[in-house]
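One-letter residues, chain by chain:
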Amino acid sequence: MQHRRRRGAGGPAESSVETESRMVRGRHRCMGRSTDVMTGLLETTATTPTEAADDATAHALLSCWLREVPGWTLDEGAGRIVIPLPHWNARLLVGVRRASATFRHQLELPPLVQIAGGSPRPVGLAQLAVLLADALPGTGLRTEPLLTRVLDSAAAVAGYLDGRARDIDRLWSAAPLTFAETEQALLLGHPVHPTPKSRGELGAVERQRFSPETGGRFAVRWLAVDRDVVRHGSALDTSAPELAEALLRDDPAVDQAALRATRDAVGGDRILLPAHPYEADRLAADPLTADLFDTGAVVDLGAWGAPFLPTTSVRTVYRADAPWQLKFSLHVRVTNSMRVTLPKELDRAVESAALARTVVGARTREAAPHFVLVQDPAYLTVARDGEVLDGFSVLLRENRWADGGPRDVSALTTLCQDHPYGGSSRLVALVAALAARHGRTEDAVAREWFGRFCDVVVRALVRLYLDVGLCFEAHQQNTLVELEDGWPVRGVYRDSQGYFHREAAHGDLVAVVPGLGEVTESIFPEELADERLVYYLFVNLTLGVINALGPCVDETVLLGDLRRVLTEERSRGGRYPATLLDRLLDDDRWPCKANLLTRAHDMDELVGDIATQSVYVTLPNPLLGVGA
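Calculation criteria
Residues numbered from 1 in each chain as written. Predicted model: local features only at pLDDT ≥ 70, side-chain atom pairs only at ≥ 80, totals over all residues. Heavy atoms only, no water. pLDDT = per-residue confidence, 0-100. Contact = heavy atoms within 4.5 Å. Pairing = 2+ DSSP bridges. Helix = DSSP H or I, 4+ residues; strand = E, 2+ residues; numbered from the N terminus. Axes fitted to C-alpha atoms, helices over the stretch in contact; angles between N-to-C directions. 1 Å grid on protein atoms, 1.4 Å probe; cavity = no way out; pocket = protein on both sides within 12 Å on 5 of 7 lines; lining within 4 Å. Points joined across faces, edges and corners; volume = space filled by probe spheres on them. Nonpolar A, V, L, I, M, F, W, Y, C, P; charged D, E, K, R; others polar. Buried < 20%, exposed > 50% of the residue type's maximum accessible area, 1.4 Å probe, protein only. Core = buried A, V, L, I, M, F, W, Y, C linked by side-chain atoms within 4.5 Å. Domains from an automatic or database assignment. UniProt positions renumbered as here; feature names shortened; annotations may be inferred. Salt bridge = Lys/Arg side-chain N within 4 Å of Asp/Glu carboxyl O. Buried area = accessible area lost by both parts, 1.4 Å probe. Polar contact = N/O pair within 3.5 Å; in protein donor to acceptor, adjacent residues only side chain to side chain.

- If you check an unreviewed UniProt entry, the chain appears there as IucA/IucC family siderophore biosynthesis protein from Jiangella aurantiaca.

And the structure:
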């Protein structure tokens, strides 16, 4: 597989095209193994939370390696992948139960290591991680923190599986689940990431309290801040300080008399700013911000109000009876970045919400009538000498799933998540239930489910790009589907951080909102915009859905359906060039973010120039050669 740093960060490596091509030609077939009926994609015989967590982590680690690192070969006769380990005069042998056309293969665990000519023997997670880290190509790698986070992530998953053991059957069932339930059901995490649940900055007690996977609940902290150090913005008719204050004023769990007395004691004209408890403690102790507390510019009023629950992103919190979700800055590394909201991202959020209130918003709704863009229309933060102190930053997000909102909703990552003990994903459970209810075959239902998903998500985002010029880094975690009777009826995108517009549309958009995107750095050059959408919308999101449906229907059938959808959209044309669809349909290879190499280089994908924040590789175009 070809791999490279983002622009300006190094050249391409040697390709393993022949091996990849064999894997792709072997799509959706068993590699020298029996064709037993498979319920799930995670091949595991685990019976304990620790075993299940180690298997899930090993599968994700190997999946990363096979996408990102060249040099491995496929022994088709033995039905296994061979990864050379030259530093050890050894090789790693990984059985393949099913080769996937979407590049996330069903692997047999545990893998085996064969040293020199000796007998192969099983390899546990820790040894596997060490062997692979030692064999990573490139210079300047930081493998020690990578290994620490791999094992930290696995230990965290084991704890979540143990603590939520009573919930697993329900969370992986076809029964309707609320936003709160699905947001706290992502127990395994990103299936192609080596450290999806590592949060090394949090201690054991903090993880238990602040993690969605533990079913965490906590009241937010409230800071009373001098007005002259507060920076805020709002796209609404109401200011951000007024919106924040109303959260407390309208909360029935708050003793209003006590709140008034407390505010009067510290100065009643101060602005109330909600804060994540972890971040509030960090800010008070950090030498860069502690003086604000010491001088009284910021007063910690403590925890007030009914508890919120953390969602899949960890830093965004939700309460069913609140008008807003709160998206905090959080100095905790989750997957590839420290989850801190930068000043330009605060303004980008308000800019996006303001744009939605113009004629462009009307065009958006017309182009994608079954797709909803959840906005973050207001923010508060603290600034000193013109410099924003990121830890104080909080965005107010529309709470689409408050009481009375849609009832059965899930992020795609939770819907597609492997069952930790080898059973069906929730998506496969939904397909099976629909097939049983309607007396249809599972492959027919899976194909229709995917078609409806394409209608409400894929076609919608393509139309927004071609007709309006907006692009969104829509991946499995920030893209949700609302379900009715198990079918997807609406797509939803929630992440103002990943909102941009393409350069080709800039002139039209600034005619509506002068200066749009120029300060917030949300104008994408055409080639970069196409590349980001190929990875996020298609490699991460759409291929992830196809892969999850693999136990029900031949992946190549769904790839053919996707090719037909994209061919139809290209025929329709749009206001702006359809170069994205040309790349998807005609290019030999697609770009793919390399999460293992990004972590091995210890890169933070939210820091630096947008073109050099992470490592990318390329994969063979899975749409070439499939019927439409």
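### Some words on the confidence of the model for the chain
- Chain-level pLDDT for the chain is 92 on average; 92% of the residues reach the 70-or-more range.
- Ignoring residues within four places in sequence, the model shows residues 1–18, a span with pLDDT below 50, making 57 contacts including any to other chains.
- Low pLDDT, under 50, characterises residues 25–39; the predicted model gives this stretch 43 contacts beyond four residues in sequence or across chains.

### Considerations on the sheet that holds strand β19 (residues 409–411)
- With respect to topology, 4 strands assemble into an open sheet ordered β16-β22-β21-β19, the strand pairing being mixed. Strands at the two margins of the open sheet, each flanked by one partner only, are β16 (371–374) and β19. With strand direction ignored, the average angle separating the axes of adjacent strands in the sheet is 25°.
- Looking at chain direction, β16 and strand β22 (residues 487–494) are connected through 4 bridges and run parallel. Bridge pairing in β22 places V372 opposite V492.
- The sheet contacts of helix α16 (residues 442–468) involve β16, β21 (479–484) and β22, and relative to β22 the element is tilted by about 35°.

### Observations concerning the layout of surface pockets
- What the second largest pocket holds in volume is close to 340 Å³.
- What lines the second largest pocket is a set of 21 residues, among which A356, T364, R365, L373 and Q375 lie closest to the centre.
- Mapped onto the lining of the second largest pocket, the elements with two or more residues apiece are α12 (343–356), α13 (359–367), β16 and β20 (470–472).
- Of the residues contributing to the lining of the second largest pocket, the split by class is 13 nonpolar, 5 polar and 3 charged.

### A closer look at the environment of G560
- Topologically, G560 is positioned in helix α19 (residues 555–572).
- The spatial distance from the C-alpha of G560 to the C-alpha of P622 is 9.5 Å, given a sequence separation of 62 residues.

### Here we look at the pairing of strand β5 (residues 106–115)
- Where burial is concerned, most of β5 is hidden: 7 out of the 10 residues are buried.
- Pairing analysis gives 7 bridges linking strand β4 (residues 90–98) to β5, with the strands arranged antiparallel. The partner of A90 across the bridge, within β5, is I115.
- Pairing geometry for β5 and strand β6 (residues 121–122), over 2 bridges, is antiparallel.

### Let's talk about the pairing of strand β17 (residues 378–384)
- In terms of burial, β17 is largely enclosed, as 6 of its 7 residues are buried.
- Bridge count between strand β8 (residues 230–234) and β17: 5 bridges; the pairing is antiparallel. Counted as the bridge partner of H232 is L380 from β17.
- Pairing geometry for β17 and strand β18 (residues 387–398), over 6 bridges, is antiparallel.

### Here we look at the nonpolar core
- Within the largest apolar cluster, 118 residues are counted, with the highest numbers of intra-cluster contacts made by I83, L92 and F453.
- The two domains that each donate at least three residues to this core are domain 1 (49–172) and domain 3 (401–620).
- With 47 residues, the next largest nonpolar core counts A244, L247, L272 and F308 among its residues.

### Points about the UniProt feature "domain: Aerobactin siderophore biosynthesis IucA/IucC N-terminal" (unreviewed entry) in the chain
- When the UniProt feature table is mapped onto this chain, "domain: Aerobactin siderophore biosynthesis IucA/IucC N-terminal" (unreviewed entry) is found at residues 178–401.
- For residues 178–401, the end-to-end C-alpha separation is 8 Å, with 31% helix and 28% strand making up the annotated structure.

### What to know about the pattern of salt bridges
- If you walk through the whole model with that rule in mind, you get 50 salt bridges.
- In this structure, D602 and R333 form a salt bridge, with 3.9 Å as the shortest nitrogen-oxygen distance. Linking D602 in the loop between α21 (595–600) and β26 (615–620) with R333 in strand β14 (residues 330–334), this pair joins segments that are 269 residues apart in sequence.
- A relative accessible area of 25% means that D602 is categorised as partly exposed.
- For R490, the salt bridge identified is with E482, shortest N-O distance 2.5 Å.
- On the accessibility criterion, R490 (24% relative accessible area) is partly exposed.
- Judged by relative accessible area, E482 falls into the buried class, the value being 1%.

### Points about the sheet that holds strand β23 (residues 499–502)
- With respect to topology, 3 strands assemble into an open sheet ordered β20-β23-β24, the strand pairing being mixed. In this open sheet, the two strands that pair with only one neighbour each are β20 and β24 (523–524).
- Two elements, β20 and β23, share 3 bridges in a ladder whose sense is antiparallel. When the sheet's bridge partners are listed, C471 is paired in β23 with F500.
- Where α12 meets the sheet, it contacts β20 and β23, and its direction lies at approximately 65° from that of β23.

### Overview of the domain arrangement of the chain
- What the domain assignment reports for the chain is domain 1 (49–172), domain 2 (199–362 + 375–384) and domain 3 (401–620).
- Look at where the C-alpha atoms of domain 1 and domain 3 centre, and you get two points 26 Å apart.
- Every contact between the two is made by 23 residues of domain 1 and, on the other side, 30 residues of domain 3.
- Regarding the contact of domain 1 and domain 3, the summed buried area is about 2,500 Å², with carbon and sulfur atoms giving 61% of it.
- For the pair domain 1 and domain 3, the interface holds 3 salt bridges.

### Thoughts on unusual backbone geometry
- Look at the link from L109 to P110: it is a cis peptide, with omega at 0°.
- Relative to the helices and strands, P110 resides in strand β5.
- You will see that N89, though not glycine, has its phi angle at about 50°, which is positive.
- One can find N89 in the loop between β3 (80–85) and β4.
- One non-glycine residue, T335, lies in positive phi territory at about 50°.
- Topologically, T335 is positioned in the loop between β14 and β15 (337–339).

### Observations regarding the side chain of T479
- Residue placement: T479 occurs in strand β21.
- On the basis of relative accessible area, T479 is assigned to the buried category, the value being 0%.
- Separated by 2.9 Å, the side chain of T479 and the backbone oxygen of H475 make a polar contact.
- Looking at T479, its side chain comes within polar contact range of the side chain of N478, at 3.1 Å.
- Excluding residues that lie within four positions of it along the chain, T479 makes contacts with S410, A411, L412, V457, A474, V492, Y493 and L541.

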